[in-house]
Amino acid sequence: MNSLPSTLEKLISQIPALQLLINLDWEYVTPEEALTMRGGKTASVFLDRVLEEQLRTLNRIEYRGQTELFTEANVATATRAVLSTIVGLLANARACLVDGDVL
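The structure reproduced in this document is the subject of the present report. Not measured: the values here are computed from a predicted model.

### Some details on helix α4 (residues 72-99)
Taking 1.5 Å as the rise per residue, α4 with 28 residues should run 40 Å; its terminal C-alpha atoms sit 40 Å apart, in good agreement. Looking only at α4, the buried set comprises V75, A78, T79 and L83. As for α4, its buried residues are in contact with α3 (48-58).

The following block contains the structure:
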């Protein structure tokens, strides 16, 4: 009798990948939490709110010897820049895969 390999993606790839990421101190979020973090956008793969929080936390502007936090306008501009860069990179990668080009 022929034994075919398992094609249950959750068992053979998703769950082991999640376990590895959790072991690397990544935080698991439920699909519902992820949707909330994406601002309710089901078509988005980016956790916009996490990006915005990190931009607020990690970024400062040095101006005339003073250190200032990012303003909300700075956060919005940086978020758009990061997301558009990532979207562009993903589009290029997809085009290469579709066209059969090597990345």
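### Side note on the environment of G40
Of note, G40 is situated in the loop between α2 (31-37) and α3. We classify G40 as partly exposed; its relative accessible area is 45%. Separated by 20 residues in the primary sequence, G40 and L20 place their C-alpha atoms 27 Å from one another.

### Focus on the layout of surface pockets
Taken as a whole, the largest pocket holds about 620 Å³ of empty space. W26, E27, V29, A34 and L47 are the residues nearest the centre of the largest pocket, which is lined by 16 residues in total. Elements with a minimum of two residues in the lining of the largest pocket: α1 (9-23), α2 and α3. Here the residues of the lining of the largest pocket are counted per class, giving 12 nonpolar, one polar and three charged.

### Considering the nonpolar core
Core analysis: the biggest nonpolar cluster contains six residues, these being L51, L55, F70, V75, A78 and L83. When residues of this core are traced back to their parent elements, those giving at least two are α3 and α4. For this core, the element with the most residues is α4, which contributes three residues. Once you skip the residues sitting within four places of it in the chain, F70 turns out to touch L55, N59, R60, I61, V75 and A78.

### Quick word on the packing of α3 against α4
Relative placement of two packed helices is described by the angle separating their axes and the distance separating the axes. Between α3 and α4, whose axes approach to 10 Å, the crossing angle comes to 125°. Classed by the angle they form, the pair α3 and α4 counts as oblique. Where α3 crosses over α4, the two elements pack in a sense that is right-handed. Side by side, α3 and α4 meet where D48, L51, E52, L55 and R56 of the first sit next to E72, V75, A78, T79, V82 and L83 of the second. Its residues assigned to classes, the contact of α3 with α4 comprises six nonpolar, one polar and four charged.

### Concerning α3
Where α3 is concerned, the buried positions are D48, L51 and L55. Along α3, the residues classed as buried sweep out an arc of 65° about the axis, all on the same side. As for α3, its buried residues are in contact with α2 and α4.

### Quick word on the environment of K41
Secondary-structure assignment places K41 in the loop between α2 and α3. With residues up to four places along the chain from it excluded, the contact list for K41 reads L35 and D48.

What counts as what
Residues numbered from 1 in each chain as written. Predicted model: local features only at pLDDT ≥ 70, side-chain atom pairs only at ≥ 80, totals over all residues. Heavy atoms only, no water. Helix = DSSP H or I, 4+ residues; strand = E, 2+ residues; numbered from the N terminus. Expected span 1.5 Å × (residues − 1). Buried < 20%, exposed > 50% of the residue type's maximum accessible area, 1.4 Å probe, protein only. Contact = heavy atoms within 4.5 Å. 1 Å grid on protein atoms, 1.4 Å probe; cavity = no way out; pocket = protein on both sides within 12 Å on 5 of 7 lines; lining within 4 Å. Points joined across faces, edges and corners; volume = space filled by probe spheres on them. Nonpolar A, V, L, I, M, F, W, Y, C, P; charged D, E, K, R; others polar. Core = buried A, V, L, I, M, F, W, Y, C linked by side-chain atoms within 4.5 Å. Axes fitted to C-alpha atoms, helices over the stretch in contact; angles between N-to-C directions. Parallel < 35°, antiparallel > 145°, perpendicular 65-115°, else oblique. Left-handed = near helix turned anticlockwise from the far one by under 90°. Arc of directions from axis to C-beta.

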